[in-house]
Amino acid sequence: MKLLFTCLTTLGLGLASLLPARAQPGGGRPADIAGAAILTGRITNPKTDTIAIAIHDSPFDSKERISYARVNEKGEFRLSILLTGSTKADLVYGDAVADLFLDPGTDLDVRFKGDDLPGTVKFKANDVPTGFATRLRNNTSLTDSQRHRQQMANANNYLAEFDEQFVSNDGFQVLPDNIQLYETPFVSFLDYRIKHERNFLEDRAAKQSFTIDFYNYAKAEITYSNANDRLTFPDLREQVVSTEGRLTMTPGYYDYLRDPNLLNDQTAVGNEQFQEFLLNYVHFMAAQQKHLRTDPDFYPVCYALASKRLNGTMKLLTLGRILQESFRFGHVRQSAAMLADFKALDTRKRYVATLDADFGKHKALAIGSQAPDFRLMSATGDSIKLSSLQGKLVYLNFWKSTNGLCLRDLSYAQDLARRFEGKNIVFVNVALDELEMPWRQLVTIKKLPGVQLRAVGGLRSAVAKAYNVQEVPTYLLLGEDGTILNPKPKRLSSRAAVDEINQSFGKAGVYSAAVSQMPGGGK
């Protein structure tokens, strides 16, 4: 389920900021003309009185731009959002989400049941005579605007049908079952899936009419979701299948990466799956050169690889993703030199401001930096200061007693505490609950181990702000000297968490010392 959103602005860029303008078949609107996408419709048996469209305008900003509309007593609504090009979006109703593809000139009638948005949503072009949809390609009596609206109705109906047939069908997904496969049957599964997905797209494209932008988007979704699953399969399987060691892949497993078109598909630049694939590819190439994510030089190596192997917008987007990873995983000191290089490359200044702001947010939480100190009241009524725990490894957990993911991790937290009983480590749990009583009752009833603290004010508290906590659970691993050893340790529920903690004893200061010796290192 996709998460809901906290910001509302008024102007969007969509994929047009990433892609060159392209003419569309059948006289549709060019992709560089600004305008509004409009959705009107009716919900059968509405459950809530608000509906929304959510769009990611920037590939480097997690915030979404939201346009809201009221749903009246008849279930009717009208949504309008400004765009300068085609873009993927989400239609959000209550907790349900359906994929959208929009552009200036989109004008659709939307119908769905209030209790099943993804499974019942249907799109029809407004102001297009009935019967023209299937004869669109050869019919000359439609205006350009009508033809374009019908193309966008076709596109969004395709997305709903594709989701039902492939995305919501566990038989076509890697998780939860297909991750158990070995190499040969897994490759057979992917070959089977991509064949059926491509046949589905080409069949719909032959029967209907899509804009070039949408056809390229849909084709890239299929190509790069499968490429990503193949590339990440060994790592994901190692994490999920705890009863076996890592698979050793045959030499030919990665032969598909030699296809030059896979890395240089200009029609896929704005596609999120393509961007994710390029990042995974760079990670893979760094690993092939024996560089681990825990190495001080991992992200500079990735940055250098991407700089050498990629070009144009694809290069900028991948370098930006590498920079954000280096920020968020605490490699801030190496990031300064890479960020300076990126600024010189981003001559149109499309992404620099967002990355600069992200760098500033994470700078104080770099590996080797002193962890922000705090004093909080514990569940037993004691006043605990973080710095008083120096001399021990500290596994810091920010959580909420009302959060499902946090509650799921409770049993793992208890198991870890038992495993490390008597060792030089303390588990510090900082609850960000708005209300004290539910937290205190849960701690008492479950007899939660470790140090149990609560920050008054929750996510708005000084502690949460000091650690840049945007969501829960958030974990950090602190060295015996009170410095940040790992700002993104393995989750409590990960089987690798035990190994990671064991390897962290006595490592305080080692990483920062290694970093300070690198070019651009030090403060």
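The coordinates are above.
Counting restarts for each chain, with residues numbered from 1 along the sequence as it is written. Selection of residues for local features in this predicted model requires a pLDDT of at least 70, selection of side-chain atom pairs for listing and counting requires 80 or more, and totals for whole chains, interfaces and linings are taken over all residues. Think of the side-chain values as coming from all heavy atoms in the structure, minus any hydrogens and water.

**Student:** Report on the overall build of the chain, specifying residues and quantitative values.
**Tutor:** Summing up its helical and strand segments, the chain has 15 helices and 15 strands in all. With 523 residues in all, the chain has 51% of them scored as buried. Contacts were defined at the residue level, with two residues in contact if any of their heavy atoms lie within 4.5 Å. A fraction of 67% describes how many contacts in the chain between residues 6 or more apart in sequence connect residues 24 or more apart. For every accessible area listed, the method is Shrake-Rupley and the probe measures 1.4 Å; residues are considered covered only by the protein chains on display. Accessible surface, the chain as shown: approximately 24,900 Å² in total, 52% of it carbon and sulfur. Helix numbers and strand numbers start at the N terminus; a helix is a DSSP run of H or I with at least 4 residues, a strand a run of E with at least 2. When accessible area is computed with a 1.4 Å probe and restricted to protein chains, residues below 20% of their type maximum are described as buried, those above 50% as exposed, and intermediate ones as partly exposed.

**Student:** Can you tell me about the sheet that holds strand 10 (residues 383–385), naming the residues and giving the values?
**Tutor:** The pairing criterion for strands is at least two bridges between them, as found by DSSP. Taken together, 7 strands build an open sheet; the order of strands is 10-9-13-12-11-14-15 and the sheet is mixed. Both outer strands of the open sheet, strand 10 and strand 15 (484–486), are each paired with one neighbouring strand and no more. Direction aside, the axes of adjacent strands within the sheet are offset by 40° on average. Pairing of strand 14 (residues 474–478) with strand 15, which is carried by 2 bridges, proceeds in the antiparallel orientation. Bridging across to strand 15, leucine 478 finds its partner in isoleucine 484. Axis geometry follows a simple rule: fit a line to the C-alpha atoms, using only the stretch in contact for helices, then measure angles between N-to-C directions, giving values from 0 to 180 degrees. The strands touched by helix 12 (residues 436–446) are strand 9 (375–378), strand 11 (393–399), strand 12 (425–431) and strand 13 (451–454); relative to strand 13, the strand with the most contacts, the crossing angle is about 170°. Sheet contacts for helix 14 (residues 497–504): strand 11, strand 12, strand 14 and strand 15; angle to strand 11, the most-contacted strand, approximately 140°.

**Student:** Just give me the short version of the packing of helix 2 (residues 144–167) against helix 3 (residues 183–207), but keep the residues and values in it.
**Tutor:** Helices that pack against each other are described as a pair by the angle of their axes relative to one another and the distance between those axes. Running from N to C, helix 2 and helix 3 cross one another at 155°; their axes reach a closest spacing of 12 Å. One way to sum up the angle between helix 2 and helix 3 is to call them roughly antiparallel. Considering the relative orientation of helix 2 and helix 3, their crossing is right-handed. In this structure, helix 2 uses Tyr158, Glu161, Phe162, Gln165 and Phe166 to contact helix 3, whose residues at the interface are His196, Glu197, Phe200, Leu201 and Arg204. Three categories are distinguished: nonpolar for Ala, Val, Leu, Ile, Met, Phe, Trp, Tyr, Cys and Pro, charged for Asp, Glu, Lys and Arg, and polar for the others, with Gly belonging to the last. Taken together, the residues of the contact of helix 2 with helix 3 sort by class into 5 nonpolar, 2 polar and 3 charged. Throughout, the term roughly parallel applies to angles under 35 degrees, roughly antiparallel to angles over 145, roughly perpendicular to angles from 65 to 115, and oblique to all others. The sense of a crossing depends on the near helix, which, turned anticlockwise from the far helix by less than a right angle, makes the crossing left-handed and, turned clockwise, makes it right-handed.

**Student:** With reference to specific residues and values, describe the packing of aromatic side chains.
**Tutor:** Working definition: a ring pair exists when centres of Phe, Tyr or Trp rings (six-membered ring for Trp) sit within 6.5 Å. Plane angles under 30 degrees give stacked, over 60 give edge-to-face, the rest tilted. Overall, the coordinates contain 30 aromatic pairs when judged by the stated rule. Ring plane angle 40° and centroid distance 4.8 Å describe the contact between phenylalanine 162 and phenylalanine 166, whose orientation is recorded as tilted. On the criterion of helical spacing, the pair formed by phenylalanine 162 and phenylalanine 166 is a turn pair, its members being 4 residues apart in helix 2. Take phenylalanine 166: its relative accessible area is 1%, and that puts it in the buried class. Through a chain of ring-to-ring contacts, the aromatic side chains of Phe101, Tyr158, Phe162, Phe166, Phe172, Tyr192, Phe200, Phe210, Phe214 and Tyr217 assemble into a single cluster. Charge over a ring is defined by NZ of Lys or CZ of Arg lying within 6 Å of the ring centre and within 35 degrees of the ring normal. Above the ring of tyrosine 182, the side-chain terminus of arginine 237 is found at 4.8 Å from the ring centroid.

**Student:** Give a description of the sheet that holds strand 3 (residues 65–70) that names residues and reports values.
**Tutor:** Taken in spatial order, the 4 strands line up as 3-2-5-6 in an open sheet, and their pairing is antiparallel. Looking at strand neighbours, the two that pair on one side only are strand 3 and strand 6 (96–102), the edges of this open sheet. When strand polarity is set aside, the average angle formed by the axes of neighbouring strands in this sheet is 25°. Alignment of strand 5 (residues 87–93) against strand 6, held across 7 bridges, turns out to be antiparallel. Each bridged residue has a counterpart across the sheet, and for alanine 89 the counterpart in strand 6 is leucine 100.

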